[in-house]
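Analysis of the macromolecular model
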Amino acid sequence: MMPLVKLTSRIMQSNLQELSLPYRLTYAVTSRCQARCSMCNIWRKPHGNELSPAEIDTLFGRADRFSWINLTGGELFQRRDINDIFLIIIRRSRNLHLLNFPTNGFQTKEIVTAVDTILEQTDLPRLIVSVSMDGPPEVHDGIRGIPGCWDHAVQTFRQLKDRSSGRFSVYFGHTMQSANVGKFNATLDACRKSLATITVDDFHINLAHSSTHYYNNEDTGALPDPELAVAEIGRIRKLQSPKLFDPVAFIEQRYQRHIRDYLSSGRGPFVCQAAGASCFIDPTGTVYPCSVFNSPLGALRDFDMDFQRLWHSATRTDTRELIRNSQCPGCWTPCEAYQTLLANLIKGKHK
């Protein structure tokens, strides 16, 4: 219970003042990926120079107070040492309540083994996995660039769903983009043919975004047409069941509610918490305010893997002020939007 109390306390504190350290981290463990997604060029990046398990151990041995960690890629399971990395991060992070990660679902055996290892060998309170599902088979495989990706995703989801518990949940992650906007109902129908009990509540909805330092996809034309995306979100929301006491559903539905505002203005409705309550670390250990703003705060290797020393630098402070003054690209990706929404639970919050 203590990690949850810590997380709740940090969230409430973020409603009242700037935090001295972030409680949420997004860490891209690798750029390696067997998929060739049309909306993402991460797989084109050089694959070397990733932080080693020893460096990761040093990093999280010192930066051990994150309450919510999102591990991402590339595809995490392209790293053969990913299970060691999971265990290092969980065991070192004394305040950790929630660990979540996305996967394309292609390596079913490795993914299921990793989930079993985490649940059996750690005391992590909450684990959430999202399996990418961007359309019916022909659309999904076309977007992902590898035949059979849809079948693997469904098989992975099925096996993980059997492990659902109070500690573990799995969802389909649906990234709305130009290649699939308007196809959610077809996606849901296709999944129901293989998974009879699937509902709209088994999906998490995300918007494709452009990033020059993470996705490297500014020229892919991945972003959906705003009017089509808003209409699609409206249809999805009508299918969702109300869940008043489910924190995951609560934040997901608040996120969807503000998509129209973002698509019409290019900015989220609140002061973003990037470089305040959260940050992003790339595979080489370079720290950014988020996955979109290409403004490096520093390289952890230059700080002897001492995250706190980097965080309290003038560069981070100055970058945070830019974000507070809306001098960043603006986005509404869940990696940044969720903690921003959570920092605005109290009306009249300072700006």
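This text gives an overview of the structure that appears in the document. Worth saying up front: this structure is predicted, and the values here are computed from it rather than measured. Positions within a chain are numbered from 1, following the residues in the order the chain's sequence is written. Thresholds applied to this predicted model are a pLDDT of at least 70 for local features of residues and 80 or more for the giving and counting of side-chain atom pairs; totals over whole chains, interfaces and linings are not thresholded and use all residues. Only hydrogens and water are set aside; all other atoms, that is, all heavy atoms of the structure, feed into the side-chain values.

1. A look at the pairing of strand β7 (residues 278–281)
Put simply, the rule is: Only protein chains enter the area calculation, which uses a 1.4 Å probe; residues under 20% of their type maximum are buried, those over 50% are exposed, and those in between are partly exposed. The helix and strand labels rest on DSSP assignments: H or I over at least four residues marks a helix, E over at least two residues marks a strand, and numbering proceeds from the N terminus. Note on pairing: DSSP must find at least two bridges between two strands before they are called paired.
Residue alternation in β7 divides its side chains into two sets, S278 and F280 and C279 and I281, and both sets are buried. Linkage of β7 to strand β8 (residues 286–288), two consecutive antiparallel strands, is achieved through a turn of 4 residues, within which G285 is found at a positive phi near 95°.

2. Comments concerning the side chain of T175
When you line up the elements, T175 lands in strand β5 (residues 168–176). Taking the relative accessible area as the measure of exposure, T175 reaches 17% and is therefore buried.

3. A word on the packing of helix α2 (residues 53–62) against helix α3 (residues 82–92)
The condition is simple: Comment: axis = line fitted to C-alpha atoms, over the contacting stretch for helices; angle = value between 0 and 180 degrees taken between N-to-C directions. Roughly parallel here means an angle under 35 degrees, roughly antiparallel means over 145, roughly perpendicular means 65 to 115, and every remaining angle is called oblique. Throughout, a crossing is termed right-handed when the near helix is turned clockwise from the far one, and left-handed when it is turned anticlockwise from it by less than a right angle. In this description, contact between two residues means that some pair of their heavy atoms is separated by no more than 4.5 Å.
Where α2 meets α3, the closest approach of the two axes is 9 Å, and the angle between their N-to-C directions is 15°. Looking at the two axes, α2 sits roughly parallel to α3. Crossing handedness for the pair α2 and α3: right-handed. Between α2 and α3, the contacting residues are P53, I56, D57, F60 and G61 on the first element and I85, I88, I89 and R92 on the second.

4. Side note on the packing of aromatic side chains
The condition is simple: Side-chain rings of Phe, Tyr and Trp, where Trp is taken by its six-membered ring, are said to pair if the distance between their centres is within 6.5 Å; with planes under 30 degrees apart they count as stacked, over 60 as edge-to-face, and otherwise as tilted. Whether a charge lies above a ring is judged from NZ of Lys or CZ of Arg, which has to be within 6 Å of the ring centre and within 35 degrees of the ring normal.
Per the stated rule, a full pass over the model turns up 15 aromatic pairs. An angle of 45° between the planes, with centres 4.5 Å apart, marks the rings of Y214 and Y215 as tilted. With a relative accessible area of 18%, Y215 lands in the buried category. The structure contains a cluster of three or more aromatic residues connected by ring pairs, namely Y27, F60, F66, F307 and W311. The residue whose ring lies beneath R24 is W68, and the NZ or CZ to ring-centre distance is 4.0 Å.

5. Here's the deal with the pattern of salt bridges
Which entries qualify depends on this criterion: A pair is scored as a salt bridge if a Lys or Arg side-chain nitrogen falls within 4 Å of a carboxyl oxygen belonging to Asp or Glu.
Tallied over the full model, the rule gives 13 salt bridges. When the shortest N-O distance is used, the salt bridge between D304 and R309 registers 3.8 Å. When its relative accessible area of 52% is taken as the criterion, D304 is described as exposed. Take R309: its relative accessible area is 41%, and that puts it in the partly exposed class.

6. What about the nonpolar core?
To keep things clear, this is the line we draw: To form a nonpolar core, buried Ala, Val, Leu, Ile, Met, Phe, Trp, Tyr and Cys residues must be joined to one another through side-chain atoms within 4.5 Å.
Within the largest apolar cluster, 88 residues are counted, with the highest numbers of intra-cluster contacts made by Y27, L71, F86, L99 and L127. Apart from the residues within four sequence positions on either side, F86 is in contact with L71, L76, F77, L99, F101, A114 and I118. Membership of the second largest hydrophobic core comes to 18 residues, among which are V139, C149, Y214 and A222.

7. Remarks on the pairing of strand β2 (residues 68–72)
Short version of the rule: Note on handedness: a clockwise path from strand one over the helix to strand two, with the strands aimed away from the viewer, defines a right-handed crossover.
Judged by how many residues are buried, β2 sits mostly within the fold: 5 of 5 residues are covered. Alternating residues of β2 divide into W68, N70 and T72 and I69 and L71, and every residue in both groups is buried. Of the strand pairs in this sheet, strand β1 (residues 24–28) and β2 are connected by 5 bridges, and their pairing is parallel. Across the sheet, R24 pairs through a bridge with W68, a residue of β2. The handedness of the β1 to β2 crossover, carried by α2, is right-handed. Bridge count between β2 and strand β3 (residues 98–103): 3 bridges; the pairing is parallel. Following the sheet pairing, I69 is matched in β3 by L99. With α3 bridging β2 and its parallel neighbour β3, the resulting β-α-β unit is right-handed.

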